[in-house]
Every structure is written in C-alpha cells, then in structure tokens.
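Chains, contacts and geometry: an overview
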Amino acid sequence: MRKRSALIVLLATGALVAAAGCSVEKKSDQAGSGGAANCGSGKEFLIGMSQANNAEPYRQVMNNDVETAAKAVPGFKVVVADAAQDNSKQVADVENFLTQKINLLIISPNEAKPLTAVVKRAYDQGIPVIVLDRKVEGEGYTAFIGGDNVAIGRSAGEYYAKTLLPQGGKVIEIAGLPGATPAAERAKGFREGIASNPKIEIVASQPGDWLREKGQSVADALLKAHPDVAAIYAHNDPMAEGAYLAAKAAGVETKIKFTGIDALPVPSGGIKAVDQGRLAATFQYATGGREAVDLAKRLLVDCAKDVPRSTTLDTMQITKENAAEAYAKLGGA
C-alpha cells in the first residue's frame, strides 16, 4: 500500500513538473517568436503607442500614420502617450500601458538605454513589442522598423563631398538628442561620406535635440564662433530650418548651404523647404507608422509567428531638381 501511495505521489509530482515545463516553454516560444496571445480576427485589440516627443513635427506625422492605418483594421484601437522628451515619463507611460493590459506596444524611444528595461519587461510578459525609428539595447523586443541612419548620414556626406562642397569647406554639424541612436548613426555615416574629400572639415558639432528653436540658438552661437563656414549639416529638417533662420538674422543665409533629414511630405516639412530654396537638400526618413500597423495586424489578427526581426525603410535624396516630384510621390497634398 505504501509503495502504491509513493508511486501515485511520484506520478503526480511528475505531472506537475511536466505541466510547469510546458507552461514555461510556451511563454518562451511566444516571446521569442513574437506571437500574440488571444490573437485572431473579429476581436478587439488595444495598442499602446509610446511616442518620444510630440513636439517634433516628424513624430506628429508618425502618430498620424499609425492612427490612420489603424482605423483601417477592424478591432484596432490605438492610445498614444507623449513622453515630451522625458525618459522617466516614457518609462511611466509604458508601465501605465501594461496596467491597461495592452495587446501590443509600439514605441519610439526617446533614448535607447533608459528605455531598454521597460521595453524588455513588456516583451517578457508576452506582449509583442514593435520598436519604431529609434532602437533600444539588447534583444528584448519583437521587431524593429526604421531607416538605416548610418546609410542616410553617409548619403548626406557623399552629397557634400561630390556635389555641395566639391572644393571643400568648413561645416557645422547640429546633431540630434545625445543618447538617441539616430544621432550617433547619422554623425557616423556623415563622416564616412565626406572621407573621400579631405578638404571638408567639420569645425563644430553640438546637439540641437531635434528641435527647431534649439537648432536656431545653437547655430546662432556657432556661426559667431565660425563665421567662415560653408555649410550646416543638421540631423533633421527642423534644426536645419532653425539654422537657416539664425543665418538669416545674421545676414549670411545666402553664403551658407543647409541640409537636413526627414523629408516630410507636409507643407511645413523639409521637401517644401528644399523646393522653396531654404535647404539645399534633405534625405527621406520614413516614419514607419503604416508599416508598424501592418506588422501589428500580422501579429494580432493573422496570428503570425514568424515576422521580420528588422525592417529597413527606403530613403531618397531630395534636391531642388526632384522636390516637387518627391512631394507628390510621398503623399504630399
């Protein structure tokens, strides 16, 4: 009788261990594959969109792209939280989404390192996480969608080396927010691009935090320190426009060339600035908003298990010659 009781206990214990093992394995597979629990058509899904800073025009367009695309998917509801360029607020925003039991997280991190842990926390809970535009550290997310910022910076550098300043010249760089991966990557790529022309010299580089007003104030100070610069390379179009305004206030806007990155197809965007002559060129940096919603649909509605770990968005160089065509092609009204 004792042997029989012991056998029953052992069998029960083994069953519990096996069940526990299956449970852990299922969670791991789900997190690793990006699959979503309770996926399927005809259901309601809450998507949390954690935005780095709505004050940037690029992010306003990104939000619009996400929300417009989501309206076309039955059952999708998107809630957007604005971190206002505050890492701690963005962490709190994601934590709040987790308490709301979101089905999927889309996040464009303000900076990589401070947002890595909370993104991984969501991912480890089995919530699919789409990292958009800016990266986090590590592998704790489902998919990344964004442009190749090194390649974009390199294209800008090559444009300087071969077309804008073929005879060389001094350049001011107005960088993005320190700690944001695009800022480091656009700086790196630009230096690679101008390497073929040793007569080009970067005489100053300071962050403008992606903002027009900050770009203007930085350019104002740097132009006073370096009055003989030939061009200003800004990591986005708003900072390039701010630099143009600083140069115009100093009466030197016709002596300096300005370039940016983003090329938003909106009236206040970089394509129009090129077409109207304020910027010499800009380089397209697609928001990825529509692509993020398409991937969310595959995960939540189609129950896809295998999705691309990384999606690199296309870019193009925009100058006066193709600005009007690019504006129409990219959906500008």
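Throughout what follows, the structure given in this document is the object of discussion. (Residues numbered from 1 in each chain as written. Predicted model: local features only at pLDDT ≥ 70, side-chain atom pairs only at ≥ 80, totals over all residues. Heavy atoms only, no water.)

**Focus: the sheet that holds strand 6 (residues 169-175)**
Applied cut-off: Each pair of strands is called paired provided DSSP finds at least two bridges between the two strands. Here a strand is any run of E in DSSP of at least two residues, a helix any run of H or I of at least four, and the numbering for each starts at the N terminus. Angular values range over 0 to 180 degrees, each being the angle between N-to-C directions of two axes fitted as lines to C-alpha atoms, with helices fitted over their stretch in contact.
Strand order in the open sheet formed by six strands is 7-6-8-9-10-12, with mixed pairing between adjacent strands. Each of the sheet's edge strands pairs with one partner strand only, and the pair in question is strand 7 (200-207) and strand 12 (317-319). Here the average twist between neighbouring strands, direction ignored, is 20°. Direction of pairing for strand 10 (residues 281-284) relative to strand 12: antiparallel, over a ladder of three bridges. Within strand 12, the residue paired with Thr 282 across the bridge is Ile 318.

**Some remarks on unusual backbone geometry**
Even without being a glycine, Ala 263 presents a positive backbone phi close to 55°. Structurally, Ala 263 is set in the loop between strand 9 (257-262) and helix 9 (270-275). A positive phi angle, close to 60°, is found at Cys 303, a residue other than glycine.

**Comments concerning the state of the cysteines**
The cut-off we apply is this: Cysteine sulfur atoms are paired as a disulfide whenever they fall within 2.5 Å.
Tallying each qualifying case throughout the model produces one disulfide. Each disulfide pairs two cysteine sulfurs, and for Cys 39 the partner residue is Cys 303, the sulfurs being separated by 2.1 Å. Between Cys 39 and Cys 303 the disulfide shows an S-S torsion of about 120°. By sign, it is right-handed. Here Cys 39 is found in the loop between helix 1 (2-33) and strand 1 (45-51), whereas its partner Cys 303 is found in the loop between helix 10 (289-300) and strand 11 (310-313), with 264 residues between them in sequence.

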